[in-house]
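# Understanding the architecture of this molecule
Chain by chain, the residues run as shown.
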Amino acid sequence: MVAAAKKDGVTLTGSGGRTYEQQVALRKQNCANWQTTPSSNCSPETAKAGNSMHEKGLASDINNISKSGGGKTYNWLAKNAKTYG
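None of these values were measured; they are calculated from a predicted model.

Turning our eyes to something else, we now look at the overall build of the protein. Tallying secondary structure elements over the protein gives 3 helices and 2 strands in all. Listing the helices and strands of the protein from first to last along the sequence gives α-β-α-β-α. Within the protein, the fraction of its 85 residues that count as buried is 22%. Here the analysis covers contacts within the protein between residues at least 6 apart in sequence; of these, 51% occur between residues at least 24 apart. Separation between the mean location of the 11 positive side-chain charges and that of the 5 negative ones in the protein comes to 6 Å.

As structure tokens, this is what we get:
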């Protein structure tokens, strides 16, 4: 997907897979009490280690996209992301 976007003049930046240890580190960074705080109460929302879609290889974060939509990256993803699951 990154290569296809680049071919169309869009640079995707972000992160993908994480280890259990990396997820624990994110929880410690984003949650008041990293062991018991519900994911939705973390800022930003952060899954408990062992439950993250990033750990399972089923999610990735794209950094250079506006949450409100619009823009070249958003438009490319809206059109093409389904091709990549």
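This part takes up the environment of Thr 37. Tracing the backbone shows Thr 37 in the loop between helix 2 (20-30) and strand 2 (61-62). Once the C-alpha coordinates of Thr 37 and Met 53 are considered, the two residues, 16 residues apart in sequence, prove to be 18 Å apart. Setting aside its immediate chain neighbours within four residues, Thr 37 contacts Arg 27, Cys 31, Ala 32, Cys 42 and Lys 48. Within the structure, Thr 37 has its side chain in polar contact with the backbone oxygen of Asn 33 (distance 2.8 Å).

This part covers the pattern of salt bridges. Overall, the coordinates contain 1 salt bridge when judged by the stated rule. For Arg 18, the salt bridge is made with Asp 61, and the minimal N-O distance between the two is 2.9 Å. Here Arg 18 is found in the loop between strand 1 (14-15) and helix 2, whereas its partner Asp 61 is found in strand 2, with 43 residues between them in sequence.

Its relative accessible area of 17% is what places Arg 18 among the buried residues. A distance of 3.1 Å separates polar atoms of two side chains, one belonging to Arg 18 and the other to Gln 23. Among the polar contacts made by the side chain of Arg 18, one reaches the side chain of His 54 at a distance of 3.2 Å. For Arg 18, the residues in contact, after removing those within four places along its chain, are Gln 23, Leu 26, Ser 52, His 54, Glu 55 and Asp 61.

Definitions and cut-offs
- Residues numbered from 1 in each chain as written.
- Predicted model: local features only at pLDDT ≥ 70, side-chain atom pairs only at ≥ 80, totals over all residues.
- Heavy atoms only, no water.
- Helix = DSSP H or I, 4+ residues; strand = E, 2+ residues; numbered from the N terminus.
- Buried < 20%, exposed > 50% of the residue type's maximum accessible area, 1.4 Å probe, protein only.
- Contact = heavy atoms within 4.5 Å.
- Lys, Arg positive; Asp, Glu negative; His and termini not counted.
- Charge placed at Lys NZ, Arg CZ, Asp CG, Glu CD.
- Polar contact = N/O pair within 3.5 Å; in protein donor to acceptor, adjacent residues only side chain to side chain.
- Salt bridge = Lys/Arg side-chain N within 4 Å of Asp/Glu carboxyl O.

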